[in-house]
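# Structure assessment
Here are the chains, one letter per residue:
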Amino acid sequence: MASETEPASLQKLRSLCKRRGLIFQGSEIYQGFANQWDWGPLGVEICRNVREAWWNKFVTSRNDMVGLDSSIITSPRVWEASGHLDSFTDPLVECDRCHGRFPGDKLIEQETGEDLAGHPLDEIDEHIRKNEIACPNCGGELGEARRFHLMFKTHVGPVEDEGSVAYLRPETAQGIFYNFALVQNSMRMRVPFGIAQIGKAFRNEITTGNWIFRTREFEQMEIEFFVEPGTEMEWFDHWQEETWDYFRTLGLSEDKMRWREHSEDELSHYSSRTADLEYYFPWERWGELQGTASRTDYDLRQHQETSGQSLEYQDPMTHEKYLPYVVEPSFGVNRTVLALLCGAYREEEVRGETRVVLALKPDVAPCKVAVFPLSRKDNLTAISNPLFDDLRRRWPAMLDETGSIGKRYRRHDEIGTPYCITVDFDSIDDRKATVRHRDTMEQDRIALDRIPAYLEEKLG
Ligand code: GAP
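Not measured: the values here are computed from a predicted model. (Residues numbered from 1 in each chain as written. Predicted model: local features only at pLDDT ≥ 70, side-chain atom pairs only at ≥ 80, totals over all residues. Heavy atoms only, no water.)

### Examining the overall build of the protein chain
Each helix and strand counted, the protein chain has 15 helices and 23 strands in total. Counting contacts in the protein chain only where the partners sit at least 6 residues apart, residues at least 24 apart contribute 65% of the total. (Helix = DSSP H or I, 4+ residues; strand = E, 2+ residues; numbered from the N terminus. Contact = heavy atoms within 4.5 Å.)

Below you can see the structure in the form of structure tokens.
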């Protein structure tokens, strides 16, 4: 789909992310490849912080959750059971003139605001005709919609035939469902409990775009929470509250977050209720960061029937056997980081110059503290090196020895470093250094031996 005009602030953020080592275009030296993006050294650190905050909140801090790391390539029967082989498709429309290909439902949404995800092909065609929607590339006429499968196909083993076909997982969730009984038995879990997983998922999306918002390879953080049938709506509320709290704590502005309930027509084949947590992106559209779905016992039942193995749970008190219902909060790492970057990017006028700041919360920032010796002279590095070694043992830290102090501040403002410490010639006598705060630009002169405790108080 033709990418919407990118707002200036987003263009600036993209160029900052490249310049400062956060996000690179994938295969850049080959002119890029299929809208793939690579995390640079500092982008990796932000992703780790996002994952760690998620794991700490939802796994480590709870008694009713355990983790899992299942395979990306699975038995193809998993996808037969889950329904993905039959129904994981998008309605594809092709331009008769330029042969550009687009997802019909997304084109309609862009033109009319109507959401036709999951609707039959003839309805997509009817809406395209009725609203006179043309090719977004060349204005040509669009052909009839057809189904396009979103799973990436591959072959396992040396022979490429029908018997060796396998798929890259399009969601991490199914690895949790087929491992349900193994996890429950080995860990002696009692319903209600959840299994959490972080990992890559792959979808051969027809349309990508808006930078890293929709890509073909992305990372999910998913929980399948198993509950007694009849209690799923209470748990649905619980997971909505927890989700909101997670994003708020990471630093997203609550004014730019909302819940959107799916209409009956829009629900996925497995869902009885879904609500998306959406964020208002700079391209002036709401976009999904997380989906909370009530999946009933659909997946466990399907896997039980397809595999012929019982996945029933026996209540230890009543001895009643049943298939638990499932509430699924499903998050995306890439979109979370994108929202955090968009929300944190600021430009301020300071003494006639533009200061660019990535005002990330310290927990999310890729580097927490930077040490600047005013010069590389031995009498200063004799102070700055041991200080840096001490700090880097406690927090992600950087030593920056080149350029004027002003330039070094600007570099670190742009990557969101909350504290910068300058060791100057006075430090030799007074055994103090200047701690500069990113957001206020205020400076404190702090005794060298007190700096770790001072930062500990601020950073925790
Ligand atoms: N297991 C349920 C599931 O996969 P989904 O709404 O299709 O539900 C969940 O995906 C989350 O995964 C989304 O909220 C989004 O954050 C992320 N996601 C999905 N498709 C994506 C894509 N093509 N690129 C980046 N992130 C994506």
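### Some remarks on the site of the ligand
With respect to spatial proximity, 21 residues lie near the ligand, and among them Glu171, Glu205, Thr215, Glu222 and Glu288 are the closest. At 2.9 Å from a nitrogen atom of the ligand is found a side-chain nitrogen or oxygen belonging to glutamate 328. Glycine 332 is positioned such that a nitrogen or oxygen atom in its backbone is 3.1 Å from an oxygen atom of the ligand. For the ligand, whose unbound accessible area comes to 550 Å², protein coverage reaches 91%. (Near = heavy atom within 4 Å. Polar contact = N/O pair within 3.5 Å; in protein donor to acceptor, adjacent residues only side chain to side chain. Areas by Shrake-Rupley, 256 points an atom, 1.4 Å probe, with all protein chains shown as cover.)

### A look at the domain arrangement of the protein chain
Each assigned domain of the protein chain is listed with its residue range as follows: domain 1 (8–73 + 169–341), domain 2 (89–147) and domain 3 (367–459). Using only C-alpha atoms to locate each centre, domain 2 and domain 3 end up separated by 55 Å. (Domains from an automatic or database assignment.)

### What about the pairing of strand E10 (residues 217–227)?
Among the 11 residues in E10, 10 count as buried, and that is most of the element. Alignment of strand E9 (residues 193–202) against E10, held across 10 bridges, turns out to be antiparallel. The residue of E10 that forms the bridge with phenylalanine 202 is glutamate 217. Across 6 bridges, E10 lies against strand E16 (residues 325–332) in antiparallel orientation. Following the sheet pairing, phenylalanine 226 is matched in E16 by valine 326. (Buried < 20%, exposed > 50% of the residue type's maximum accessible area, 1.4 Å probe, protein only. Pairing = 2+ DSSP bridges.)

### Overview of the sheet that holds strand E19 (residues 369–373)
Spatially, the 5 strands line up as an open sheet ordered E20-E19-E21-E22-E23, and their pairing is mixed. The strands lining the two open edges of the sheet, one partner per strand, are strand E20 (397–399) and strand E23 (443–447). Taken pair by pair, the neighbouring strands of this sheet meet at an average axis angle of 25°, ignoring direction. Across 3 bridges, E19 lies against E20 in parallel orientation. Residue valine 371 lies in a different strand from E20, and its bridge partner there is leucine 399. Where helix H13 (residues 405–415) meets the sheet, its contacts fall on E19, E20, strand E21 (419–423), strand E22 (432–437) and E23, and the angle it forms with E19 comes to roughly 170°. Across the sheet, helix H15 (residues 451–459) touches E19, E21, E22 and E23, and the angle it forms with E21 is around 165°. (Axes fitted to C-alpha atoms, helices over the stretch in contact; angles between N-to-C directions.)

### Things to note about the packing of helix H2 (residues 41–60) against helix H11 (residues 333–344)
Between two packed helices, what matters for the description is the angle formed by their axes and the separation of those axes. For the pair H2 and H11, the least separation of the axes is 10 Å and the interaxial angle reads 110°. The pairing of H2 with H11 is recorded here as roughly perpendicular in orientation. The handedness of the crossing between H2 and H11 is right-handed. Contacts between H2 and H11 involve Ile46, Cys47, Val50 and Arg51 from the first element and Val333, Thr336, Val337, Leu340 and Leu341 from the second. Of the residues that constitute the contact of H2 with H11, the class distribution is 7 nonpolar, 1 polar and 1 charged. (Parallel < 35°, antiparallel > 145°, perpendicular 65-115°, else oblique. Left-handed = near helix turned anticlockwise from the far one by under 90°. Nonpolar A, V, L, I, M, F, W, Y, C, P; charged D, E, K, R; others polar.)

### Here we look at unusual backbone geometry
With an omega of 5°, the peptide bond running from valine 191 to proline 192 counts as cis. Note that proline 192 resides in the loop between helix H8 (180–187) and E9. For glutamate 284, which is not glycine, the phi torsion reads 60° and is therefore positive. Here glutamate 284 lies in the loop between strand E12 (273–281) and strand E13 (285–296). Despite not being glycine, histidine 319 has its phi angle at roughly 65°, a positive value. Structurally, histidine 319 is set in the loop between strand E14 (313–314) and strand E15 (321–322).

### Points about the pattern of salt bridges
Evaluation of the coordinates by the stated rule reveals 35 salt bridges. Between glutamate 266 and arginine 260 there is a salt bridge, and its shortest N-O distance comes to 2.8 Å. On the basis of relative accessibility, which here comes to 11%, the residue glutamate 266 falls in the buried class. (Salt bridge = Lys/Arg side-chain N within 4 Å of Asp/Glu carboxyl O.)

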